[in-house]
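Each chain is listed here by its residues.
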Amino acid sequence: MAKSNEIIDNDVLDDKLNDASIEDNDADTSAEDTVEAAVEVRRGRGEGRRGRGRDRGDREPVEKEFVEKLVKLNRTAKVVKGGRRFSFSALTVIGDRKGKVGYGFGKANDVSEAIRKSIDKAKRSLVQLPVKNGTIPHDVKGFFKSSYVLLKPARSGTGIIAGGPVRAIMEAGGVTDVLSKSIGSSNQYNVVKATFDCITKMMDAKTVSRNRGKSLNELWG
């Protein structure tokens with residue numbers, strides 16, 4: 001009886017194992033079907049890995065809409081119980097090299113986040129910089145607190161005779177020839193504000209020619 005019971009038990013055990021293997025196979029099959037369905041959906045949306053790789057190879061490099069120039073990056077430290085906690089501030093100038101420029105100031109506990117904030121603020125504060133034949137239309141002076149900036153038009157081939165923040169703003173705005181002088185405080189934030197004060201005071205070429213009673217060809221050639 002013991003032997004027959006053992007045989008019966010083994011048969012039952014084999015049946016259970018077969019049933020379990022069938023259930024596992026069904027589960028594996030359903031899991032594979034689910035994965036394949038998800039992959040098909042991703043491929044249809046262009047999210048598959050192979051699809052992304054082919055798209056990257058076929059894509060052409062996209063130029064950025066704005067030129068970004070980091071004028072100043074400052075780090076400050078706060079002493080706390082566990083040590084020193086650092087924070088960063090970034091002053092950034094952006095422009096499209098076609099007459100639009102802006103600046104922004106951002107703070108964060110991370111460098112990249114501070115720069116991102118400053119760029120976002122700069123995009124929201126864009127102003128028009130009058131540019132004609134690669135230079136500005138007339139002399140202009142700008143002030144901010146104790147900083148004083150003078151901008152003068154220049155001949156073609158002169159280049160940007162400026163340094164620091166003024167050069168960054170002129171390059172971002174598309175100016176290729178200009179003379180400048182910065183007097184007073186050399187604080188970069190103040191110089192940027194004074195330069196943008198110059199930009200807001202500028203008149204475009206048409207306004208200057210109309211005020212002087214001359215045509216654009218007589219003034220600019």
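Residues numbered from 1 in each chain as written. Predicted model: local features only at pLDDT ≥ 70, side-chain atom pairs only at ≥ 80, totals over all residues. Heavy atoms only, no water.

Novice: How would you explain the sheet that holds strand S8 (residues 178-184) if you had to name every residue and give the values?
Specialist: Sheets are built from strands that pair by backbone hydrogen bonding, the pairs being arranged parallel or antiparallel. Overall, mixed pairing links the 4 strands, which are arranged S5-S6-S8-S7 in an open sheet. Each edge of the sheet is formed by a strand with only one pairing partner; in this case those strands are strand S5 (140-144) and strand S7 (160-161). Lying over the sheet, helix H5 (residues 188-201) contacts S5, strand S6 (147-153) and S8, oriented at roughly 140° with respect to S5. (Pairing = 2+ DSSP bridges. Helix = DSSP H or I, 4+ residues; strand = E, 2+ residues; numbered from the N terminus. Contact = heavy atoms within 4.5 Å. Axes fitted to C-alpha atoms, helices over the stretch in contact; angles between N-to-C directions.)

Novice: Help me get a handle on the packing of aromatic side chains, residues and values and all.
Specialist: When we look at a pair of aromatic rings, we describe it by the centre distance and by the angle of the planes. The full count for this structure, using the stated rule, is 3 aromatic pairs. Geometrically, the ring pair formed by phenylalanine 105 and tyrosine 189 is edge-to-face, given 5.7 Å between the ring centres and 65° between the ring planes. Taken together, the residues phenylalanine 105 in strand S3 (residues 100-108) and tyrosine 189 in helix H5 connect sequence positions 84 residues apart. Overall, the relative accessible area of 32% leaves phenylalanine 105 in the partly exposed class. For tyrosine 189, a relative accessible area of 32% gives the class partly exposed. Judged by centre distance (4.9 Å) and plane angle (25°), the ring pair of phenylalanine 143 and tyrosine 148 falls under stacked. (Phe/Tyr/Trp six-rings, centres within 6.5 Å; stacked < 30°, edge-to-face > 60°. Buried < 20%, exposed > 50% of the residue type's maximum accessible area, 1.4 Å probe, protein only.)

Worth remembering: the numbers are spatial, not functional.
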